Amino acid sequence: MSEISSPPAQAHAEEEAVSLVPLEGWHCTHLFYRFDRAVLKSLSPAERAAGCQQLVALLDPQGEHAPARLQTSIVSGHKADFALMMLDPDPLKLDALHQRLMASALGPALVPVWSFVSLTEVSEYVPTVEQYGRRLVEEGEDPDSASYKAKLRAYESREAAMRQQRLMPELPPWPSTCFYPMNKKREVGENWFLLPFEKRNRLMAEHGRSGMRFGGKVTQLITVAVGLDDWEWGVTLWARNPQFLKEIVYRMRFDEASARYAVFGPFYTSYVTTAQHMLAHCRIPPE
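The paragraphs below set out a description of the structure included in this document.

### Remarks on the nonpolar core
Within the largest apolar cluster, 25 residues are counted, with the highest numbers of intra-cluster contacts made by F35, L59 and M278. At the level of elements, β1 (27–35), α3 (45–58), β2 (69–75), β3 (82–88), α4 (91–103) and α10 (275–281) are the ones that each hand at least two residues to this core. Those residues in contact with L59 that lie beyond four places of it in its chain are L70, T72, F82, L84, L97, L101, A275 and M278. Grouped together as the second largest cluster of nonpolar side chains are 16 residues, M182, V235, L245 and M252 included.

Put into structure tokens, the structure is as follows:
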């Protein structure tokens, strides 16, 4: 019996199904490391110098093997010494950077302490232009008014860029950042996933309005880890000043979507910098 070939459309779908590149968005990995000081002391000056040089080259966002986005930060507190945030269409490109670090001359002194694997996405609660128009009407806007039309045009003009930023984000240059994972509750009487979409959408709209109050002070990226990691979502915040991180998280915890339905994991606070400055801060000179 001759082999039956797949129709072209089916073959194309199968090609997409086996690709590591998402059909929409990028892979995102957060990695946290600490330095093993005992191992550092055991390295010769030449080994430490070579290791520092390699680490700086590997963490260069413009380097030969760098992922599409790469950011280094100094972690505050004892949970880690430094953190990496990486995004790329290819997940193995992200993991390859981690493996290169571990295989470098400084690798024996690097201890991975935590990681978070996720994907960028456009949330189902981000409204289309038509949905935004209906929301304006629900909030009391007359669809024939100049105010309604101006608001709708403004949203339409920024919608494409907003979706692009969620899927293939540019990382802001702001110095203060924090990352935390979170879940939505699945408890009796407080099960987020049993709520009708209309109610979930309303609660997230309220949550979003709280965040908008911090425009120009804080920006965020929410990535999805459902099926990929232990938590469902990861939240990365960047701020012009660390005080704004405290203020936005405190304010948004009063929203019902957070106060009633959110469960938070550990918070990692860090400060964006270069690899060179991170090494100097961690008191790891080449000699």
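### Thoughts on unusual backbone geometry
Despite not being glycine, R283 shows a phi value in the positive range, around 60°. Relative to the helices and strands, R283 resides in the segment after α10.

### Side note on the packing of aromatic side chains
Under the criterion given, the structure shown has 17 aromatic pairs. A ring pair is formed by W114 and Y268, whose centres lie 5.2 Å apart and whose planes are at 10°; its orientation type is stacked. Of this pair, W114 sits in strand β4 (residues 110–120) while Y268 sits in strand β11 (residues 268–273), and the two are 154 residues apart along the sequence. Classification of W114 as partly exposed rests on a relative accessible area of 22%. What makes Y268 buried here is its relative accessible area of 9%. Clustering of aromatic rings is evident, with ring pairs tying together F32, W114, F116, F179 and Y268. One residue, K79, lies across the ring of Y268, its end atom 5.3 Å from the ring centre. Stacked on the ring of W192, the Lys or Arg K184 has its end atom at 4.3 Å from the ring centre.

What counts and how
- Residues numbered from 1 in each chain as written.
- Predicted model: local features only at pLDDT ≥ 70, side-chain atom pairs only at ≥ 80, totals over all residues.
- Heavy atoms only, no water.
- Core = buried A, V, L, I, M, F, W, Y, C linked by side-chain atoms within 4.5 Å.
- Buried < 20%, exposed > 50% of the residue type's maximum accessible area, 1.4 Å probe, protein only.
- Helix = DSSP H or I, 4+ residues; strand = E, 2+ residues; numbered from the N terminus.
- Contact = heavy atoms within 4.5 Å.
- Phe/Tyr/Trp six-rings, centres within 6.5 Å; stacked < 30°, edge-to-face > 60°.
- Lys NZ or Arg CZ within 6 Å of the ring centre and 35° of its normal.

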